[in-house]
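Chain by chain, the residues run as shown.
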Amino acid sequence: MAVLDDSGPIFAQIAAELANQIADGTVGEGERIASSNELAAFYRVNPATAARSLTVLSDEGLVEKRRGVGMFVAKGARERLVRARRQRFADRYVRPLVVEAARLGIDVDELLALVREESAAADMTVGERS
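Remember, it's a predicted structure, so these values are computed and weren't measured experimentally.

S.K.: Outline the overall build of the chain, supporting the account with residue identities and numerical values.
M.R.: When helices and strands are counted, the chain shows 5 helices and 3 strands. The order of helices and strands in the chain, counted from the N terminus, is α-β-α-α-β-β-α-α. Its C-alpha radius of gyration of 19 Å places the chain more than 25% over the 14 Å reference for a compact globule of 130 residues. Its C-alpha atoms give the chain principal-axis dimensions of roughly 60 × 30 × 25 Å. Sequence separation of at least 24 residues holds for 52% of the intrachain contacts in the chain that already meet a minimum separation of 6. Summing over all exposed atoms, the chain offers an accessible surface of approximately 9100 Å²; the carbon and sulfur share of this is 53%. In the chain, the 18 positive side-chain charges and the 20 negative ones have mean positions that sit 10 Å from each other.

See the structure below:
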């Protein structure tokens, strides 16, 4: 079971977990996702809370309801989700990184070298934990 915490509304955390499963391909396009009652039992929350998480995903066009059958991942959901997250990543991390690098006089080649070094160090750290 995924752990819910105090970082935000429970319905939003459940919706985010389901969106993560769509983004990483755990749940594919056209596949059925858990119902609000199934989510409520899994997360031990009120069914209305679980239903609200599904409403969020439906409003975002990530899932669609098939009357009498259940909720399914919408066509193109993963692509739309990944595209939006990549843009958010660029806005939140890449743009500020590039702006600060420019302030410090770090050119693109040097910045890429720094990113590669940090990536290699992170890979080694992750490898040590496995």
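So much for the structure itself; the text now carries on.
S.K.: How would you sum up helix H3 (residues 47–59)? Please name residues and give values.
M.R.: Along its 13 residues, H3 runs 18 Å from first to last C-alpha, staying within 8% of the 18 Å computed at 1.5 Å per residue. Three or more residues of H3 are buried, namely Ala50, Ser53, Leu54 and Leu57. Taken down its axis, H3 places every buried residue within 95° of arc, on the same side. For H3, the exposed residues lying more than 90 degrees away from the buried face are Ala48 and Asp59. Those residues of H3 hidden inside the fold are in contact with helix H1 (10–23), strand S1 (32–33), helix H2 (36–43), strand S2 (63–66) and strand S3 (70–73). Where H3 starts, the residue carrying a side-chain oxygen 2.7 Å from the main-chain nitrogen of Ala48 turns out to be Asn46. Once H3 ends, the next one or two residues include Gly61, with phi positive near 75°.

S.K.: Outline the nonpolar core, listing residues and values.
M.R.: One finds Ile22, Ile33, Leu39, Leu57 and Leu62 to be the most contacted residues of the largest nonpolar core, which totals 22 residues. Every element with two or more residues in this core is listed here: H1, H2, H3, S3 and helix H4 (77–103). Apart from the residues within four sequence positions on either side, Leu62 is in contact with Ala19, Ile22, Leu57, Phe72, Val73, Ala74, Ala77, Arg80 and Leu81.

S.K.: Tell me about unusual backbone geometry, and please be specific about residues and values.
M.R.: A positive phi angle, near 60°, is found at Arg44, a position not held by glycine. Summarising the element assignment, Arg44 is placed in the loop between H2 and H3.

S.K.: Which residues make up the pattern of salt bridges, and what values go with them?
M.R.: Scanning the entire structure with this criterion turns up 5 salt bridges. Notably, a salt bridge pairs Arg66 with Glu64, separated by 3.5 Å at the nearest N-O pair. A salt bridge links Glu79 to Arg83; the shortest N-O distance between them is 3.3 Å. You can see Glu79 and its partner Arg83 sitting in helix H4, 4 residues apart, about one turn around the helix.

S.K.: Got a sec to walk through the sheet that holds S3? Specific residues and values, please.
M.R.: Pairing in this open sheet of 3 strands is antiparallel, and the strands run S1-S3-S2 from one edge to the other. If you trace the sheet from one side to the other, it starts and ends with S1 and S2, each paired once. Relative to S3, S1 is paired through 2 bridges, and the arrangement is antiparallel. Looking at S3, one finds that Arg32 is bridged to Phe72.

Quick notes on the rules
Residues numbered from 1 in each chain as written. Predicted model: local features only at pLDDT ≥ 70, side-chain atom pairs only at ≥ 80, totals over all residues. Heavy atoms only, no water. Helix = DSSP H or I, 4+ residues; strand = E, 2+ residues; numbered from the N terminus. Rg over C-alpha atoms; globule rule 2.2 N^0.38 Å. Contact = heavy atoms within 4.5 Å. Areas by Shrake-Rupley, 256 points an atom, 1.4 Å probe, with all protein chains shown as cover. Lys, Arg positive; Asp, Glu negative; His and termini not counted. Charge placed at Lys NZ, Arg CZ, Asp CG, Glu CD. Expected span 1.5 Å × (residues − 1). Buried < 20%, exposed > 50% of the residue type's maximum accessible area, 1.4 Å probe, protein only. Arc of directions from axis to C-beta. Polar contact = N/O pair within 3.5 Å; in protein donor to acceptor, adjacent residues only side chain to side chain. Core = buried A, V, L, I, M, F, W, Y, C linked by side-chain atoms within 4.5 Å. Salt bridge = Lys/Arg side-chain N within 4 Å of Asp/Glu carboxyl O. Pairing = 2+ DSSP bridges.

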